[in-house]
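Take a look at the letters that make up each chain.
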Amino acid sequence: MSLATKSFQAIHQFNSEGWKSSKDLKSQLGHLESELSFLSTLTGINIRNYSKQTEDLTGTEMTEKSIRKVLQRHRLSGNCHMVTFQLEFQILEIQNKERLSSAVTDLNIIMEPTECSELSEFVSRAEERKDLFMFFRSLHFFVEWFEYRKRTFKHFKEKYPDAVHLSEGPSSPSIVIRSASQPGFELVIVWRIQIDEDGKVFPKLDLLTKVPQRGRVPGCSCFRCLLNMPSKAAYFLWVSQGKNQKLEISLMYFSIKF
Amino acid sequence: MAGILAPGLTRTLRSLSPLAGQLLEKALGNLRWSRRTLYVQMASPKEVKASIANVEPNLAVEMSEQEVLEEKLENVKAVLQAYRFTGLSGKLTSRGVCVCINTAFEGNLLDSYFVDLVIQKPLRIHHHSVPVFIPLEEIAAKYLQTNIQHFLFSLCEYLNAYSGRKYQADRLQSDFAALLTGPLQRNPLCNLLSFTYKLDPGGQSFPFCARLLYKDLTATLPTDVTVTYQGVDALSTSWEEQRASHETLFCMKPLHQVFASFARKGEKLDMSLVS
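On a predicted model such as this, the values are computed, not experimentally measured, just so you know.

Q: Explain the overall build of chain B to me, please; I cannot follow it from the model alone.
A: The number of helices and strands found in chain B is ten helices and eight strands. Across the 275 residues in chain B, those meeting the buried criterion constitute 46%. Here the contacts in chain B between residues at least 6 apart in sequence split such that 42% fall between residues at least 24 apart. Accessible surface, chain B as shown: approximately 14100 Å² in total, 55% of it carbon and sulfur.

Q: Before we go on, may I ask you to explain the packing of helix H8 (residues 148–175) of chain B against helix H10 (residues 255–265) of chain B in this structure?
A: Any two packed helices are characterised by the angle at which their axes cross and by the distance between the axes. All names here are of chain B. It is the contact of H8 with H10, at a shortest axis distance of 7 Å, that shows an interaxial angle of 30 degrees. Classified by the interaxial angle, the pair formed by H8 and H10 is roughly parallel. Counted together, Tyr167, Gln168, Arg171 and Leu172 of H8 and Leu255, His256 and Phe259 of H10 form the full contact between these two elements.

Q: Would you explain the side chain of Arg137 of chain A in this entry?
A: On the secondary structure map, Arg137 of chain A appears in helix H4 (residues 132–159). Nearest to the buried, unbridged Arg137 of chain A among oppositely charged side chains is Glu157 of chain B, at 5.3 Å. Those residues within four positions of Arg137 of chain A in sequence are excluded, and the remaining contacts are Phe153, Cys156, Glu157 and Asn160 of chain B.

Q: I keep staring at the confidence of the model for chain B and nothing clicks. Help me out?
A: In low-pLDDT segments, the atomic positions of the prediction should not be examined closely. Residues and elements named next belong to chain B. Looking at chain B, pLDDT values average 80 and 72% of them are 70 or higher. For chain B, per-element mean pLDDT is lowest for helix H3 (residues 32–42), which scores 43, and highest for strand S5 (residues 185–186), which scores 96. Low confidence marks residues 29–53, where pLDDT is under 50. Its contacts with residues over four positions away, or in another chain, come to 40 contacts.

Q: How do you make sense of the pairing of strand S8 (residues 224–229) of chain B when you look at a structure like this?
A: Within a regular strand, the side chains alternate between the two sheet faces. Residue and element names in this part refer to chain B. Residues of S8 alternate between two faces, with Val225, Val227 and Tyr229 buried on one and Asp224, Thr226 and Thr228 left unburied on the opposite face. Where strand S7 (residues 208–213) meets S8, six bridges bridge the pair, whose relative direction is antiparallel. Counted as the bridge partner of Ala210 is Val227 from S8.

Q: Honestly, helix H3 (residues 117–129) of chain A in this entry has me stumped. Any pointers?
A: Every α-helix winds through 3.6 residues per turn, so residues three or four apart in the chain are directed the same way. All names here are of chain A. Given a rise of 1.5 Å per residue, 13 residues ought to cover 18 Å, and the 19 Å separating the end C-alpha atoms of H3 matches this to within 8%. Those residues of H3 that sit buried are Leu119, Phe122, Val123, Arg125 and Ala126. Looking straight down H3, one finds its buried side chains confined to an arc of 165 degrees; they lie on one side. Counted as exposed and oriented over 90 degrees from the buried face of H3: Glu121 and Glu128. On its buried side, H3 packs onto strand S3 (83–95), strand S4 (100–112), H4 and strand S7 (186–195). Just downstream of H3, Lys130 is the residue with a positive phi angle, here 55 degrees.

Q: Any chance you could explain the interface of chain B and chain A here in plain terms?
A: Quite often, the size of an interface is put as the accessible area lost when its parts meet. If you look at the interface, chain B gives 57 residues, while chain A gives 50 residues. Summed over both sides, the interface of chain B with chain A buries roughly 5100 Å², with 73% coming from carbon and sulfur. Together, Tyr83, Phe85 and Phe153 of chain B form the three largest contributors to the area buried by chain B at its contact with chain A, with a combined 15%. Its salt-bridge partner being Lys26 of chain A, residue Glu65 of chain B comes within 3.2 Å of it at the nearest N-O pair. Counting every contact that joins chain B to chain A gives eleven residue pairs in polar contact (both at pLDDT 80 or more). At the level of secondary structure, the elements contributing two or more residues to the side of chain B that touches chain A comprise helix H2 (18–30), H3, helix H6 (65–82), strand S1 (88–92), strand S2 (96–105), strand S3 (108–118) and H8 of chain B.

Q: What is the right way to look at the layout of surface pockets in this model?
A: Empty space within the largest pocket amounts to approximately 1500 Å³. Taken together, 50 residues form the lining of the largest pocket, with Phe141, Gly199, Lys200 and Val201 of chain A together with Glu157 of chain B sitting closest to its centre. Sorting elements by how many residues they give to the lining of the largest pocket places H4 of chain A first, with eleven residues. Here the residues of the lining of the largest pocket are counted per class, giving 19 nonpolar, 15 polar and 16 charged.

Q: Before we go on, may I ask you to explain the nonpolar core in this structure?
A: Taken as a class, soluble globular proteins show a tendency for nonpolar side chains to be buried jointly. Ranked by size, the top nonpolar core spans 83 residues in total, and within it Leu76, Phe85, Leu87, Met111 and Phe135 of chain A together with Leu155 of chain B carry the most contacts. Element by element, the count of residues in this core is highest for H4 of chain A, at 14 residues. With residues near it in sequence (within four places) discarded, Leu76 of chain A still touches Asn49, Tyr50, Phe85, Gln86, Leu87, Phe89 and Phe136 of chain A together with Ala82 and Phe85 of chain B. In this structure, Leu179, Leu199, Val227 and Phe259 of chain B belong to the second largest nonpolar core, which totals 24 residues.

Q: Whenever I open this one, the pairing of S3 of chain A confuses me. Can you help?
A: Residues and elements named next belong to chain A. Pairing analysis gives 13 bridges linking strand S2 (residues 68–80) to S3, with the strands arranged antiparallel. Its bridge partner being in S3, Cys80 is matched across the sheet by Val83. Linking two consecutive strands that pair antiparallel, namely S2 and S3, is a turn of two residues; a positive phi of about 55 degrees is found at His81 within it. Bridge count between S3 and S4: twelve bridges; the pairing is antiparallel.

What counts, and where the lines are drawn
Residues numbered from 1 in each chain as written. Chains lettered and ligands numbered in written order. Predicted model: local features only at pLDDT ≥ 70, side-chain atom pairs only at ≥ 80, totals over all residues. Heavy atoms only, no water. Helix = DSSP H or I, 4+ residues; strand = E, 2+ residues; numbered from the N terminus. Buried < 20%, exposed > 50% of the residue type's maximum accessible area, 1.4 Å probe, protein only. Contact = heavy atoms within 4.5 Å. Areas by Shrake-Rupley, 256 points an atom, 1.4 Å probe, with all protein chains shown as cover. Axes fitted to C-alpha atoms, helices over the stretch in contact; angles between N-to-C directions. Parallel < 35°, antiparallel > 145°, perpendicular 65-115°, else oblique. Lys, Arg positive; Asp, Glu negative; His and termini not counted. Salt bridge = Lys/Arg side-chain N within 4 Å of Asp/Glu carboxyl O. pLDDT = per-residue confidence, 0-100. Pairing = 2+ DSSP bridges. Expected span 1.5 Å × (residues − 1). Arc of directions from axis to C-beta. Buried area = accessible area lost by both parts, 1.4 Å probe. Polar contact = N/O pair within 3.5 Å; in protein donor to acceptor, adjacent residues only side chain to side chain. 1 Å grid on protein atoms, 1.4 Å probe; cavity = no way out; pocket = protein on both sides within 12 Å on 5 of 7 lines; lining within 4 Å. Points joined across faces, edges and corners; volume = space filled by probe spheres on them. Nonpolar A, V, L, I, M, F, W, Y, C, P; charged D, E, K, R; others polar. Core = buried A, V, L, I, M, F, W, Y, C linked by side-chain atoms within 4.5 Å.

Dropping the structure here:
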């Protein structure tokens with residue numbers, strides 16, 4: 001009987017340990033997955049894959065001087081809203097008696113969509129500077145502006161469907177305002193999102209007008225006054241502060257009058 | 001049931017008293033997991049091989065469930081670790097989240113800072129390691145309640161810029177002390193620097209005085225630069241040209257890189273750097 005009991009206990013213990021570790025794994029996985037989803041929401045950046053390789057470059061001479069040199073190769077991919085990225089970079093870590101220094105020694109970035117020319121310039125600059133953090137920071141702000149521009153244009157398109165046209169679809173960088181009754185009159189608002197040398201993201205607005213010469217269109221000059229944009233800087237200011245009222249009022253007037 | 005178990009196990013069971021054997025079988029009956037562990041534990045290597053071959057299909061699937069879970073777990077852990085490469089990562093806490101902001105300048109990884117957030121209405125900062133001269137309260141007042149991502153990335157901007165300015169000043173002091181003719185004067189925020197330097201340390205010329213002001217706290221290059229030359233022939237063309245070109249250089253390139261170019265070219269400044 002004792003042998004049976006022992007065996008039984010051994011089996012039971014092993015079983016319960018077996019079950020415990022599986023349940024444990026599941027709950028641990030669940031907890032970490034929710035932490036990951038939280039982080040993704042918090043930063044707006046969704047990392048899907050990551051892998052790393054480490055290479056010890058410490059030579060025998062270095063070991064004698066208590067210097068350690070390690071090269072890490074990282075690969076990660078994911079997306080930030082509609083932009084997907086794939087990064088490969090190397091970090092060189094040098095540890096001597098006083099401190100540990102880490103530096104990015106190589107950075108390669110692949111981004112999609114590739115049509116955004118503003119983004120491709122920015123990517124080469126980030127790669128040149130090996131500035132990993134600037135890449136993600138500017139990417140975040142770029143996407144924020146991109147989504148804001150999309151929402152704003154969509155709002156106007158929905159509110160004034162006959163007058164407003166998105167030349168390149170929902171993510172168009174410009175809108176064209178036309179009137180069916182006054183065919184010669186056209187207004188184009190171009191809203192580009194630029195990234196400067198330091199990775200600062202800012203909108204750049206341009207207003208192009210096509211107005212018939214004769215001025216036979218009655219409310220035409222009035223419309224221009226309403227829009228009243230003395231300088232691009234002023235335009236940029238009120239768009240960036242979310243104050244689209246001027247444009248809103250003008251478009252309302254436009255749709256009523258024409 | 002005995003037929004499903006490995007031959008070795010069956011033999012073991014039969015060697016026990018009938019009651020013990022039955023108890024064991026019952027215990028094993030519903031625990032399919034235990035069958036696998038039993039194979040591994042009790043059967044000899046040869047028998048393990050055989051038993052795996054005899055195993056039911058659903059048992060084979062279950063055998064790798066643990067491995068699948070373990071792999072998934074490793075993947076998730078790795079991706080969580082990878083977030084620090086975005087410059088922004090965090091760990092959940094009992095109160096909310098502790099966000100870690102990493103800084104770097106031109107590829108050099110520098111200090112990290114943390115902000116411990118309490119997830120309540122309203123969101124608040126429990127404690128943090130952000131230096132006092134960074135306008136944290138201002139940034140929080142603007143964005144914390146309405147757009148937490150903007151708050152975090154904005155804070156990243158300020159901290160990275162501060163780290164970058166500090167790095168440049170530190171490098172100037174440590175690597176180019178030979179060209180400085182006096183101590184580097186700097187404020188904690190590292191946005192106001194003042195120093196005197198000479199291109200030819202042993203030479204007869206007077207030093208240049210430089211004052212760099214970084215009005216934009218999210219930038220690592222100065223907004224206002226004044227370089228003066230206090231020498232006797234202060235009005236001579238060559239000194240004036242140099243003075244003016246230095247002013248331009250300090251505006252365009254990081255501080256330590258400007259000094260690196262001074263050190264490389266010696267007395268003659270490469271005019272191509274100015275264009």
